[in-house]
Amino acid sequence: MTTDLTKEAHSILRSNDRGGYTIPTKGLYPFQWNWDSAFVALGFATFDEGRAWQEIESLFEGQWENGFLPHIVFRKDDPTYFPGPKEWGTARHHWMPTSGISQPPVLATIIRNLYERNKTDSSLLKLRQIVPKIFKWHNWYHKNRDPHAKGFIATAHPWETGRDNLPDWDEPLNNVDISDLEPYVRRDIAHVNQEMRPQKFDYDRYVRLVHFGRDCSWNDHTIAQQNPFWVADVGLTCILLRADRDLKILTEEIGAVDLSKHLSAWIDKGEEGLDRLWHDGVLGYTSFDCRSGRHSNMLNAGTILPFYAGCVPSQRVDALLSHMERWWKRCRFGIPSFDPDHTLFDSIRYWRGPVWAVMNWLIARGLEDEGYEDYSKRIIDNTVALIEGAGFRENFCPATGIGCGGHDFSWTAAIWLDLQARK
Ligand code: GLC
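Read on for an overview of the structure. (Residues numbered from 1 in each chain as written. Predicted model: local features only at pLDDT ≥ 70, side-chain atom pairs only at ≥ 80, totals over all residues. Heavy atoms only, no water.)

## Examining the overall build of the protein chain
For step 1, the next point in the chain: In terms of helices and strands, the protein chain carries 16 helices and ten strands.
For step 2, the next point in the chain: For a compact globule of 423 residues, the expected C-alpha radius of gyration is about 22 Å, and the protein chain comes in at 20 Å, within 12% of that figure.
For step 3, the next point in the chain: Here the contacts in the protein chain between residues at least 6 apart in sequence split such that 71% fall between residues at least 24 apart.
For step 4, the next point in the chain: Just so you have it, the protein chain exposes about 15700 Å², and 49% of that area is on carbon and sulfur atoms.
For step 5, the next point in the chain: Of the charged side chains in the protein chain, 48 are positive and 57 negative, and the gap between their average positions amounts to 2 Å. (Helix = DSSP H or I, 4+ residues; strand = E, 2+ residues; numbered from the N terminus. Rg over C-alpha atoms; globule rule 2.2 N^0.38 Å. Contact = heavy atoms within 4.5 Å. Areas by Shrake-Rupley, 256 points an atom, 1.4 Å probe, with all protein chains shown as cover. Lys, Arg positive; Asp, Glu negative; His and termini not counted. Charge placed at Lys NZ, Arg CZ, Asp CG, Glu CD.)

Here's what the structure looks like:
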C-alpha cells in the first residue's frame, strides 16, 4: 500500500506540474501558490532534486522589487478562478500578474532541509542565488507587517495567514465595511462542496479587503495604518521566527555575515513578540487584533507552533501539550485546525476544524526538534493513517477521517513523500 501511495504521490506532483511550477490542485487552484510551492519542493526533493529547486526559482519570478513574495503568481488569467489578476490590480508593481498579499514564509526552513539532505557544489551555488532573495522577503515582512517593531507579525488578509476562515478572524472581519462591495461571482463553490468552504460572510470581506489593497495600490504604509483587518497571527509569527533561524544558518553557510547580523536581531525581536501573544486566560498563544487591542480567546493548531519556532518557556510546555491531549480525546485524528471544544468548531469546514497535512508536518517537526518525540510520532502516524484512508485530499475530518475539499492535492502528496523519505 505504501509503495502504491508513493507512486500516486509522484504522479500527482507530475500531473499538477505546469512546466516548472506546480498548481495545488486542478480546478479549484489553477495557479502557483506560495507556501504550497515550498512544500511541493520538499516532495520533489525526494525523487527529483533539480525539479525541487526549479519550483522555488519559479516562485521567485513573482518577487517584487521591494522583496515582497506574493501568495499567488498568476502568470496568466483563468476565468475559473476568482479573484483573478484584474481584481488584485498589481500591474504597476511587477511585470508578471500576482496577488498583493503574501503567505506563511516556510521557504527558508524547507530550503535548509533540501540543502542539508544533499550538500553539493551545485546546491551551494543555488543557495548563493536564493538566500539574498529570501532575505529581502523576510525584510519585507519585518518592515511592513511589524512596522512598530513589536516582534509579532500582523496580517492584512486572512488569506495571508494561509488559514483562511479560522474562527479567530470572525470578530476582526466585522470591522470590514462591505456596504460598497462590488458584485462578484464565487468560483470556488463550483469546484468543491459548499459545506467544506468558507461562507458568504467571509468571502464578502475577503473580496473587500482585496479591493482595499488594490485601491491604495498596495501601499504598505497605508495598509499598516488603515487596512480594516490588521491582526497579529501566532502562525505567521512562529513560521517567520523559525524561518529566520534557518535562514541565519544558511547565510553563515554562504559566508554572508552582514545578513546574519540582521537575522540575529529579528530572532531576538520575534521571541519577544511571540511572548506577547501568550494569553493567560486560555493558557495558550492566541491572535491579537491590533485595531481593537483585543486578544482572541480561541485556540487553534497554530497555538502549538511555538515549538516549531523553538520558543516555548518550560513553564508553558505542559499547558500546550495538554491542549493536544484534550483535542485527541474529542477527535480520533490530530491535529484539528481549530479547538474541537469550542462552539465554532466545524469538523469539515476548511480551517474551522479539519486536519491539514502541512500543519501536522510543521507541528510535528517542532515537537520533534524540542524533544517531544511521542507527540510528534503520534501526529505523523495520524497523518499517514488519514492519507491511507482517504487519499491525497486537501484536508480531513478529524473525527471520521473522511477526505474534504480538493482531490489529488499537491502539498498532501508532498508531505507523504517527505514522511516516507524520513523513515
Ligand atoms: C487555501 C488555503 C491556503 C492554500 C491555498 C492553496 O486558500 O487556505 O493555505 O495555500 O488554498 O492550496
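From this point, the narrative continues.
## A few points about the packing of helix H6 (residues 121-145) against helix H12 (residues 257-276)
For step 1, the next point in the chain: Packing of H6 against H12 brings their axes to within 12 Å, and their N-to-C directions diverge by 35°. The chirality of how H6 crosses H12 is left-handed. Along the contact surface, H6 presents Val-131, Phe-135, His-138, Asn-139 and His-142, while H12 presents Leu-259, His-262, Leu-263 and Trp-266.
For step 2, the next point in the chain: Tallied by class, residues from the contact of H6 with H12 come to five nonpolar, four polar and no charged. (Axes fitted to C-alpha atoms, helices over the stretch in contact; angles between N-to-C directions. Left-handed = near helix turned anticlockwise from the far one by under 90°. Nonpolar A, V, L, I, M, F, W, Y, C, P; charged D, E, K, R; others polar.)

## Describing the site of the ligand
For step 1, the next point in the chain: Close contacts around the ligand come from Pro-24, Tyr-29, Trp-33, Trp-35, Asp-36, Gln-103, Gly-162, Asp-164, Tyr-350, Trp-351, Phe-409 and Trp-411, and that covers them all.
For step 2, the next point in the chain: The contact in question runs from an oxygen atom of the ligand to an N or O atom on the side chain of Asp-164, over 2.6 Å.
For step 3, the next point in the chain: Burial of the ligand by the protein chains amounts to 97% of its free accessible area of 310 Å².
For step 4, the next point in the chain: Residues of the shell around the ligand, tallied by class, amount to eight nonpolar, two polar and two charged. (Near = heavy atom within 4 Å. Polar contact = N/O pair within 3.5 Å; in protein donor to acceptor, adjacent residues only side chain to side chain.)

## Focus: the packing of aromatic side chains
For step 1, the next point in the chain: Considering all chains together, one arrives at 31 aromatic pairs under this definition.
For step 2, the next point in the chain: With a centroid separation of 6.0 Å and an interplanar angle of 45°, the aromatic rings of Trp-137 and Tyr-141 are classed as tilted. Residue Trp-137 and its partner Tyr-141 are both found in helix H6; the two are separated by four residues, about one turn of the helix. A single burial state applies to Trp-137 and to Tyr-141, both of which are buried.
For step 3, the next point in the chain: A centroid spacing of 6.1 Å and a plane angle of 85° characterise the contact between Trp-356 and Trp-411, whose relative ring orientation is edge-to-face. In this pair, Trp-356 sits in the loop between helix H13 (314-330) and helix H14 (357-369) while Trp-411 sits in helix H16 (residues 410-422), placing the two residues 55 residues apart along the sequence.
For step 4, the next point in the chain: For Trp-356, a relative accessible area of 2% corresponds to the buried category.
For step 5, the next point in the chain: Sitting over the face of the ring of Tyr-21, Arg-75 holds its NZ or CZ atom 4.2 Å from the ring centroid. (Phe/Tyr/Trp six-rings, centres within 6.5 Å; stacked < 30°, edge-to-face > 60°. Buried < 20%, exposed > 50% of the residue type's maximum accessible area, 1.4 Å probe, protein only. Lys NZ or Arg CZ within 6 Å of the ring centre and 35° of its normal.)

## Let's talk about the side chain of Asn-300
For step 1, the next point in the chain: Position of Asn-300 among the secondary structure elements: in the loop between strand S8 (294-295) and H13.
For step 2, the next point in the chain: Here the side chain of Asn-300 touches Arg-163 through a polar contact of 3.2 Å, side chain to side chain.

## Thoughts on the environment of Thr-222
For step 1, the next point in the chain: In this fold, Thr-222 is placed in helix H10 (residues 220-226).
For step 2, the next point in the chain: As for Thr-222 and Phe-212, which are separated by ten residues in sequence, their C-alpha atoms are 10.0 Å apart.

## Some words on the nonpolar core
For step 1, the next point in the chain: Judged by nonpolar contacts, the single largest core of 143 residues is most densely connected at Trp-35, Phe-39, Val-106, Leu-107, Ile-111, Met-324 and Leu-362.
For step 2, the next point in the chain: For Leu-362, the residues in contact, after removing those within four places along its chain, are Trp-35, Phe-39, Val-106, Ile-239, Leu-305 and Tyr-308. (Core = buried A, V, L, I, M, F, W, Y, C linked by side-chain atoms within 4.5 Å.)

## Brief notes about the state of the cysteines
For step 1, the next point in the chain: Counted by the stated rule, this structure contains zero disulfides.
For step 2, the next point in the chain: Free of any disulfide, Cys-290 has its nearest cysteine sulfur in Cys-238, 15 Å distant.
For step 3, the next point in the chain: Note on Cys-311: no disulfide assigned, nearest cysteine sulfur contributed by Cys-238 at a separation of 7.8 Å.
For step 4, the next point in the chain: For Cys-311, a relative accessible area of 16% translates into the label buried. (Disulfide = S-S within 2.5 Å.)

## Some thoughts on the sheet that holds S8
For step 1, the next point in the chain: The strand order across the open sheet formed by four strands is S3-S4-S7-S8, and the pairing between neighbours is antiparallel. Each end of this open sheet is capped by a strand with a single partner; those strands are strand S3 (154-155) and S8.
For step 2, the next point in the chain: Two elements, strand S7 (residues 288-289) and S8, share two bridges in a ladder whose sense is antiparallel. Its bridge partner being in S8, Phe-288 is matched across the sheet by His-295. (Pairing = 2+ DSSP bridges.)

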